[in-house]
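# Overview (structure and organization)
Given next are the chains, with one letter for each unit.
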Amino acid sequence: MDYPVVSESEGVKISPEKMEIDKLYHCIFKDKVLLFFKDQSEMLNCYEIDEKELVDSIKQSMSSDEVESILQKFIEKENLNH
């Protein structure tokens, strides 16, 4: 399956029909990380991250699993679970 989120010079192209429910997808666009997922109601959710340290770490990641690990460590470090 093709990756459902693609960053191009003119913008981000999203193919929600190719997305699995509750799976996180990401892309880098204009020095920001955009996170997407389709929930159980098949609603598309989007989050934008512009924190430089986090964006730089994600830019260097090799896989979606690594991105999720980076995000989880950031959440724990910043105590964002509460």
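These remarks concern the structure in this document. As the structure is a computational prediction, the values presented were derived from the model and not from experiment.

Time to look at the overall build of the protein chain. A count of helices and strands for the protein chain gives 2 helices and 5 strands. Taking 12 Å as the expected radius of gyration for a compact globule of 82 residues, we find that the protein chain reaches 13 Å, a close match to that expectation. Seen along its three principal axes, the alpha-carbon backbone of the protein chain occupies a region of about 35 × 30 × 20 Å. Considering the protein chain as a whole, with its 82 residues, one finds that 30% of them fall into the buried category. Within the protein chain, contacts between residues separated by at least 24 positions form 16% of all contacts whose residues are at least 6 apart in sequence. Carbon and sulfur atoms form 48% of the exposed surface of the protein chain, whose accessible area is close to 5,800 Å². In the protein chain, 10 positive and 19 negative side-chain charges are present, and the distance between their average locations comes to 5 Å.

Between the first and last C-alpha of helix α2 (residues 64-77) there are 20 Å, a value that for 14 residues agrees with the 20 Å anticipated at 1.5 Å per step. Every buried residue of α2 is accounted for by V67, I70, L71 and F74. Viewed along the axis of α2, the buried residues span an arc of 95°, placing them on a single side of the element. Away from the buried face of α2 by more than 90 degrees, exposed residues D65, K73 and E76 are located. Turning to α2, the residues buried within the fold contact β3 (25-29), β4 (32-38), β5 (44-49) and α1 (52-59).

As summarised here, the arrangement of the 3 strands in space is β3-β4-β5, forming an open sheet in which the pairing is antiparallel. Lying at the two open borders of the sheet, with one neighbouring strand each, are β3 and β5. Strand after strand, the sheet turns through a mean of 20° between neighbouring axes, direction not considered. Pairing between β3 and β4: 5 bridges, direction antiparallel. Pairing of H26 across the sheet is with L35, part of β4.

The next subject is the side chain of D39. In this fold, D39 is placed in the loop between β4 and β5. As a buried residue without a salt bridge, D39 has its nearest oppositely charged side chain in K38, at a separation of 8.8 Å. Separated by 2.9 Å, the side chain of D39 and the backbone nitrogen of S41 make a polar contact. Here M43 takes part through its backbone nitrogen, which lies 2.9 Å from a polar atom of the side chain of D39.

Considering all chains together, one arrives at 2 aromatic pairs under this definition. Aromatic side chains Y3 and Y25 sit 5.5 Å apart centroid to centroid with 65° between the ring planes, which places their arrangement in the edge-to-face category. Of the two residues, Y3 sits in the segment before β1 (5-8) while Y25 sits in strand β3, which places them 22 residues apart along the sequence.

What counts and what doesn't
Residues numbered from 1 in each chain as written. Predicted model: local features only at pLDDT ≥ 70, side-chain atom pairs only at ≥ 80, totals over all residues. Heavy atoms only, no water. Helix = DSSP H or I, 4+ residues; strand = E, 2+ residues; numbered from the N terminus. Rg over C-alpha atoms; globule rule 2.2 N^0.38 Å. Buried < 20%, exposed > 50% of the residue type's maximum accessible area, 1.4 Å probe, protein only. Contact = heavy atoms within 4.5 Å. Areas by Shrake-Rupley, 256 points an atom, 1.4 Å probe, with all protein chains shown as cover. Lys, Arg positive; Asp, Glu negative; His and termini not counted. Charge placed at Lys NZ, Arg CZ, Asp CG, Glu CD. Expected span 1.5 Å × (residues − 1). Arc of directions from axis to C-beta. Pairing = 2+ DSSP bridges. Axes fitted to C-alpha atoms, helices over the stretch in contact; angles between N-to-C directions. Salt bridge = Lys/Arg side-chain N within 4 Å of Asp/Glu carboxyl O. Polar contact = N/O pair within 3.5 Å; in protein donor to acceptor, adjacent residues only side chain to side chain. Phe/Tyr/Trp six-rings, centres within 6.5 Å; stacked < 30°, edge-to-face > 60°.

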